[in-house]
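# A structural walkthrough
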There are 2 protein chains.
Amino acid sequence: MSDEFETVTERVRERVDPDSEERKRLDEVAERLIAQAKAAVTELPVSGDIVQVGSTARGTWTSGDRDIDVFVRFSPDLPREKLETYGLRVGWSVLPDGREEFAEHPYVTGECAGFAVDIVPCYAVESASEIRSAVDRTPFHSEYVTARLDPTLAGEVRLTKGFLKGVGIYGSDLKTKGFSGYLTELLVLEYGSFRSFVETVAQWRLPVDIDPEDHGTRSFNDPLVVIDPTDPERNVAAVCSQTNVSRLIHHTRLFQTDPDTEQFVLDSPDPLSPEKMQQELASRETTPVAVQFDAPDLVDDQLYPQLERSLSGVRGELDRRGFETLRTATFANDSAVLFVECEITERPAIERHEGPPVDAGEHASDFYEKYVDSEAYGPFVDGERYVVERPREFTSARSVLEEAIFSVALGVAVEDVLREGYEVLVGQETAVLADEFGAEFARYFDPKP
Amino acid sequence: MSDEFETVTERVRERVDPDSEERKRLDEVAERLIAQAKAAVTELPVSGDIVQVGSTARGTWTSGDRDIDVFVRFSPDLPREKLETYGLRVGWSVLPDGREEFAEHPYVTGECAGFAVDIVPCYAVESASEIRSAVDRTPFHSEYVTARLDPTLAGEVRLTKGFLKGVGIYGSDLKTKGFSGYLTELLVLEYGSFRSFVETVAQWRLPVDIDPEDHGTRSFNDPLVVIDPTDPERNVAAVCSQTNVSRLIHHTRLFQTDPDTEQFVLDSPDPLSPEKMQQELASRETTPVAVQFDAPDLVDDQLYPQLERSLSGVRGELDRRGFETLRTATFANDSAVLFVECEITERPAIERHEGPPVDAGEHASDFYEKYVDSEAYGPFVDGERYVVERPREFTSARSVLEEAIFSVALGVAVEDVLREGYEVLVGQETAVLADEFGAEFARYFDPKP
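Residues numbered from 1 in each chain as written. Chains lettered and ligands numbered in written order. Predicted model: local features only at pLDDT ≥ 70, side-chain atom pairs only at ≥ 80, totals over all residues. Heavy atoms only, no water.

### A look at the sheet that holds strand E12 (residues 350-357) of chain B
All names here are of chain B. The strand order across the open sheet formed by 3 strands is E12-E14-E13, and the pairing between neighbours is antiparallel. Looking at strand neighbours, the two that pair on one side only are E12 and strand E13 (377-382), the edges of this open sheet. When the angles between neighbouring strand axes are averaged without regard to direction, this sheet yields 25°. Looking at chain direction, E13 and strand E14 (residues 385-391) are connected through 4 bridges and run antiparallel. The residue bridging Phe380 from the neighbouring strand is Val387, located in E14. In the packing of helix H12 (residues 361-372) onto the sheet, the strands contacted are E12, E13 and E14, and the crossing angle to E12 comes to about 150°. (Pairing = 2+ DSSP bridges. Helix = DSSP H or I, 4+ residues; strand = E, 2+ residues; numbered from the N terminus. Axes fitted to C-alpha atoms, helices over the stretch in contact; angles between N-to-C directions. Contact = heavy atoms within 4.5 Å.)

Right, here's the structure in full:
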């Protein structure tokens, strides 16, 4: 690879590596939090230990990240309600101005000296395969990575995270469906450096199977499989979508050919105005249809799977009804929108419906009798079969959304909200959506790998 | 079966059976023609014999048919040009006011005392498997049937022909693609009566194989196979279309359930007016497109296969281009027309075009490079592949017909005529076709089995 690779990555390192001042501040704050948490645990009627986890614990955070995760580990003998009560008690003690959130357990999240702090209770199980909930696994990940990452490798991890952020695929939340910090660390451990990561990923042929501890016991149907070194039954990359893994291949190939610091910067186009959106639609000559409704009150990790399931249901129905979908998108903010760009606006009043072969005896004569006095055209014979041209149920994409939306598979929470009311937008009407989702539509109409 | 069957068929017999007067007149004319032909042969420098063939020779013509076919058989040693010269000489001698036509040989056709007469030369080969051209086979057919048909069976044949005419599938010409007189006779010989014909055909499961002499040596891929008793390698029903065989099954089943003299009468609806056709199109909400041109100067047996091949080419192209054809028809009179009813009028300016999987190395990067600076949307990544939305070549059915018609497989003679010029009609414009093809469109918009 070129010297340019070195030049470019050096420049990026300056940006992603926290300087000594930032490190020092973080260490001070983390130390203080841990001390406070430890003190709070001594007030409890049970014992527990405190561990700092996450990227700030292992020196792999990129400059500007401000997350400090502190876990409170209790004995596996502690009943779950006690664990939750004690965990919250420690949390409130450390973060008196925090707020309670809920993942697998309730926990306290808050702010301390400019850092975002989570105080999370978990069980101190013997091994990652004995976990009670996903958070129990985190300390094992932290321990595994910490034991293997030296400061040089930590730098390679930061560079790699910067690259994934630039592509827009850093994060294992269910909206992003990308690469978690732990997965990034495992890939850098596997390949040894960012350069080697780029060179290797650019050559990936999917599916890719990586098993650092060579202990995997299951097979997975995912495009990228990285067996968790702390749990032989888990694919750390399970959440990565096919599209995102493919996009990573694309971007590493591009970076290899033509290294550019820009690739570490997430493209953020100017929001599209409704007027520009109208122009785009007019030039594409497609028929977009959209369902807009109040966004269900859910965290993103619950909301986006619901939106995607609903979008897929609506798309499928529009395809089955002959409106041939070209592309889809779903966005949420105050409102949520299912957006489907169709190729077909309207279909005829009739549709061809094939009956049985004429020589199929009673089956055939039943079909003939059913339709002979109906309003359908026919029956007539085409080749071996009876055929009728019968009235089509839905002749426009709009009518499918207005009349048939509850017959498709929707996310439950989305269905509940839709029952309260929703708006159907068709064609140029959809351009008003750019008021709320201008940035999203800017990306939609200038799609990139 | 009901007594009604008897009542209905008796009434039909009165119509299809020629009375003694008609028989007598035919016999007289046929005798006279044969005598004249024999006399003409004696004038030739070679010998030849005269045979009357066809339905009027075997008593299976239906009342009102007025075809007398006289064959002049020469030795197989006679060179082809001599056969043609001598055949025409006999023809002109018998029918001085006739005209020359051309099937496999030239022959003379004309009128005599109200009958349509053909004088056709052929070779007196030893057996039907040694024929030089299709007409040589005819005397063998006549001989085979004459030897087996008594007057009662001849009556059953006439009734069956009447039924086939009522369905509109009597005739082995390439426009009708139905049942020849010979095929009808063989089926009646096989089944023994019209009643048994109806009962059996109503139960047919296609394909049906009939081999009266049990001597077939080939297999055929046709829905109905009736091995020629005079030629083990020939399917007498080869020309019957799948649709027509199926229609016969339908009509025999209907007749069995509810015998009606109307089934022996070909439905001939009033011609549709252009105004009514506009109403039909408006209510169907389809997009008909038509290509109208001067009918090529060909006999029907050459014209219709050409029209059908062209229609199929045009339909295929419209389907490939996304205009989803619903039904098609072709008609010819002074002009000829390829009529295709589409479900889709227009498509967007763009079409989705999938590239290779992103992980396909150079193949993938070539695709990306090809499109990255093009006017297409994308490339972007969807699942494992690169995708672009590129300009669509044809966005309307009209433009396909106006700009791409010569890229489709057309009949040669049709292509020649189209190169001289043609008219494209779309939507309501097509209604003018009802001026010339009103009866055809009346059937089209009220399709029956």
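### A look at the nonpolar core
Ranked by internal contacts, the top residues of the largest apolar core, which has 59 residues, are Leu318 of chain A together with Leu318 of chain B. Other than its neighbours up to four places away in sequence, Leu318 of chain A contacts Val289, Phe323, Glu324, Thr325, Val340, Cys342, Ala397, Val400 and Leu401 of chain A. (Core = buried A, V, L, I, M, F, W, Y, C linked by side-chain atoms within 4.5 Å. Buried < 20%, exposed > 50% of the residue type's maximum accessible area, 1.4 Å probe, protein only.)

### Examining the packing of helix H10 (residues 274-284) of chain B against helix H15 (residues 433-444) of chain B
Residues and elements named next belong to chain B. Where H10 meets H15, the closest approach of the two axes is 10 Å, and the angle between their N-to-C directions is 45°. In this view, H10 runs oblique relative to H15, as classed from their interaxial angle. Along this stretch, H10 crosses H15, giving a crossing that reads as left-handed. Residue-level inspection shows Pro274, Met277 and Arg284 of H10 in contact with H15, the latter providing Ala434, Asp435, Phe441 and Tyr444. (Parallel < 35°, antiparallel > 145°, perpendicular 65-115°, else oblique. Left-handed = near helix turned anticlockwise from the far one by under 90°.)

### A short note on the pattern of salt bridges
With the rule as written, the count across this model stands at 64 salt bridges over all chains. Residues Glu429 of chain A and Arg398 of chain A are paired through a salt bridge, measuring 2.7 Å at the closest nitrogen-oxygen approach. In this pair, Glu429 of chain A is assigned in the loop between strand E15 (423-426) and helix H15 (433-444) and Arg398 of chain A in helix H13 (residues 397-403), connecting sequence segments 31 residues apart. When its relative accessible area of 34% is taken as the criterion, Glu429 of chain A is described as partly exposed. By relative accessible area, which is 28% here, Arg398 of chain A ends up partly exposed. Residue Arg137 of chain B is joined to Asp231 of chain B by a salt bridge in which the shortest nitrogen-to-oxygen separation is 3.6 Å. Here Arg137 of chain B, found in the loop between strand E5 (115-123) and helix H5 (138-148), pairs with Asp231 of chain B, found in strand E8 (residues 231-235); they are 94 residues apart in sequence, far enough to count as distant. Each of the two residues, Arg137 of chain B as well as Asp231 of chain B, counts as buried. When salt bridges with common partners are traced through the structure, they connect Glu324, Glu343, Arg347, Glu351, Arg390 and Arg392 of chain A together with Glu324, Glu343, Arg347, Glu351, Arg390 and Arg392 of chain B into a single cluster. (Salt bridge = Lys/Arg side-chain N within 4 Å of Asp/Glu carboxyl O.)

### Overview of a negative patch on the surface
A cluster of acidic side chains, namely Asp3, Glu4, Asp258, Asp260 and Glu262 of chain A, defines a negative patch on the protein surface. Examined against the element boundaries, Asp258 of chain A turns out to sit in the loop between helix H9 (242-257) and helix H10 (274-284). (Patch = residues over 30% accessible without salt bridge, like charges linked within 9 Å, V, L, I, M, F, W, Y side chains within 5 Å. Areas by Shrake-Rupley, 256 points an atom, 1.4 Å probe, with all protein chains shown as cover. Lys, Arg positive; Asp, Glu negative; His and termini not counted. Charge placed at Lys NZ, Arg CZ, Asp CG, Glu CD.)

### Section: the interface of chain A and chain B
Facing 49 residues of chain A, the contacting portion of chain B comprises 49 residues. Approximately 4200 Å² of surface area, both sides summed, lies buried where chain A meets chain B, with 52% of it carried by carbon and sulfur atoms. When the buried area of chain A at its contact with chain B is split by residue, Arg253, Asp359 and Tyr377 of chain A rank highest and sum to 15% of it. Counting across the chain A and chain B interface gives 10 salt bridges. Here Glu324 of chain A and Arg347 of chain B are joined by a salt bridge, their closest N and O atoms 2.5 Å apart. Applying the counting rule to chain A against chain B returns 30 residue pairs in polar contact (both at pLDDT 80 or more). Put simply, the parts of the chain that give the side of chain A that touches chain B at least two residues each are H9, H10, strand E10 (325-332), strand E12 (350-357), helix H12 (361-372), strand E13 (377-382) and strand E14 (385-391) of chain A. (Buried area = accessible area lost by both parts, 1.4 Å probe. Polar contact = N/O pair within 3.5 Å; in protein donor to acceptor, adjacent residues only side chain to side chain.)

### A word on the domain arrangement of chain A
Domain parsing of chain A yields domain 1 (19-134), domain 2 (151-264), domain 3 (274-346 + 395-444) and domain 4 (350-391). Centre-to-centre, using C-alpha coordinates, domain 1 of chain A lies 40 Å away from domain 3 of chain A. (Domains from an automatic or database assignment.)

### Points about the UniProt feature "domain: Polymerase nucleotidyl transferase" (unreviewed entry) in chain A
This chain's UniProt record puts "domain: Polymerase nucleotidyl transferase" (unreviewed entry) on residues 40-141 of chain A. The distance from the first to the last C-alpha atom of residues 40-141 of chain A is 25 Å, and the span holds 25% helix and 33% strand. (UniProt positions renumbered as here; feature names shortened; annotations may be inferred.)

### Quick look at the environment of Ala282 of chain B
Residue and element names in this part refer to chain B. If you trace the backbone, Ala282 turns up in helix H10. Under the relative-accessibility criterion, Ala282 is labelled partly exposed at 47%. C-alpha of Ala282 to C-alpha of Arg32: the two residues are 250 residues apart in sequence and 59 Å apart in space.

### Considering the state of the cysteines
Considering all chains together, one arrives at 0 disulfides over all chains under this definition. With no disulfide of its own, Cys342 of chain B lies closest to Cys342 of chain A among cysteine sulfurs, the gap being 20 Å. (Disulfide = S-S within 2.5 Å.)

### Here's the deal with the UniProt feature "domain: tRNA nucleotidyltransferase substrate binding" (unreviewed entry) in chain A
Mapped onto the present numbering, the UniProt feature "domain: tRNA nucleotidyltransferase substrate binding" (unreviewed entry) falls on residues 156-264 of chain A. Annotated as residues 156-264 of chain A, this span is 43% helix and 12% strand, and its ends, taken at the C-alpha atoms, are 14 Å apart.

### Observations regarding the relation of the copies chain A and chain B
Each copy superposes on the other: chain A lies on chain B with an RMSD of 0.1 Å after a rotation of 180° and an axial shift of 0.0 Å. Taken together, the rotation and translation relating the two chain copies correspond to the operation of a two-fold axis. Among all residues of chain A, the one whose C-alpha sits closest to the rotation axis is Ile344 of chain A, at a distance of 3.8 Å. Taken together, the interface assignments show that 100% of the residues at the interface of chain A recur at the interface of chain B, consistent with an identical surface on both copies. (Least-squares fit on C-alpha atoms with pLDDT ≥ 70 in both.)

### Concerning the sheet that holds strand E10 (residues 325-332) of chain B
Sheets are built from strands that pair by backbone hydrogen bonding, the pairs being arranged parallel or antiparallel. All names here are of chain B. Judged by pairing direction, the sheet is antiparallel, and its 4 strands sit side by side in the order E10-E11-E9-E15 without closing on themselves. With partners counted over all chains shown, the strands left at the sheet margins are E10 and strand E15 (423-426), one partner each. For this sheet, the mean inter-axis angle between neighbouring strands, taken without regard to orientation, is 15°. The strands that helix H11 (residues 300-320) touches are strand E9 (287-294), E10 and strand E11 (335-342); relative to E10, the one it contacts most, it runs at about 155°.

### Some thoughts on unusual backbone geometry
Here the residue pair Leu206 of chain B and Pro207 of chain B is connected by a cis peptide bond, since its omega of -5° sits within 30 degrees of zero. Locating Pro207 of chain B in the fold gives a position in the loop between helix H8 (194-201) and strand E6 (208-210). Cis geometry is found at the peptide bond from Gly378 of chain B to Pro379 of chain B, where omega equals 0°. Take Pro379 of chain B: it is sitting in strand E13. Phi at Ala113 of chain A is positive, roughly 50°, even though this residue is not glycine. Within the secondary structure, Ala113 of chain A sits in the loop between strand E4 (106-112) and strand E5 (115-123). Although it is not a glycine, Glu324 of chain B sits at a positive phi angle of roughly 45°. Here Glu324 of chain B shows up in the loop between H11 and E10.

### What about the packing of helix H1 (residues 3-16) of chain A against helix H8 (residues 194-201) of chain A?
Residue and element names in this part refer to chain A. H8 packs onto H1 with a crossing angle of 120° between their chain directions and a minimal axis gap of 11 Å. Between H1 and H8, the crossing angle belongs to the class labelled oblique. Pair H1 / H8 crosses with right-handed handedness. Across the interface between the two elements, Phe5, Glu6 and Thr9 from H1 touch Phe194, Arg195 and Val198 from H8.

### A closer look at H15 of chain A
An ideal rise of 1.5 Å per residue puts 16 Å on 12 residues; H15 of chain A reaches only 12 Å between its terminal C-alpha atoms. Buried residues of H15 of chain A: Leu433, Ala434, Phe437, Gly438, Phe441, Ala442 and Tyr444 of chain A, and no others. (Expected span 1.5 Å × (residues − 1).)

### Brief notes about the packing of aromatic side chains
Enumeration over the complete set of coordinates arrives at 42 aromatic pairs over all chains. Ring centres 5.3 Å apart and planes at 70° place the aromatic pair Phe5 of chain A and Phe255 of chain A in the edge-to-face group. Of this pair, Phe5 of chain A sits in helix H1 while Phe255 of chain A is found in helix H9, placing the two residues 250 residues apart along the sequence. By relative accessible area, which is 0% here, Phe255 of chain A ends up buried. Of note, Arg327 of chain B hangs over the ring of Tyr444 of chain B, and the distance from its end group to the ring centre comes to 4.2 Å. (Phe/Tyr/Trp six-rings, centres within 6.5 Å; stacked < 30°, edge-to-face > 60°. Lys NZ or Arg CZ within 6 Å of the ring centre and 35° of its normal.)

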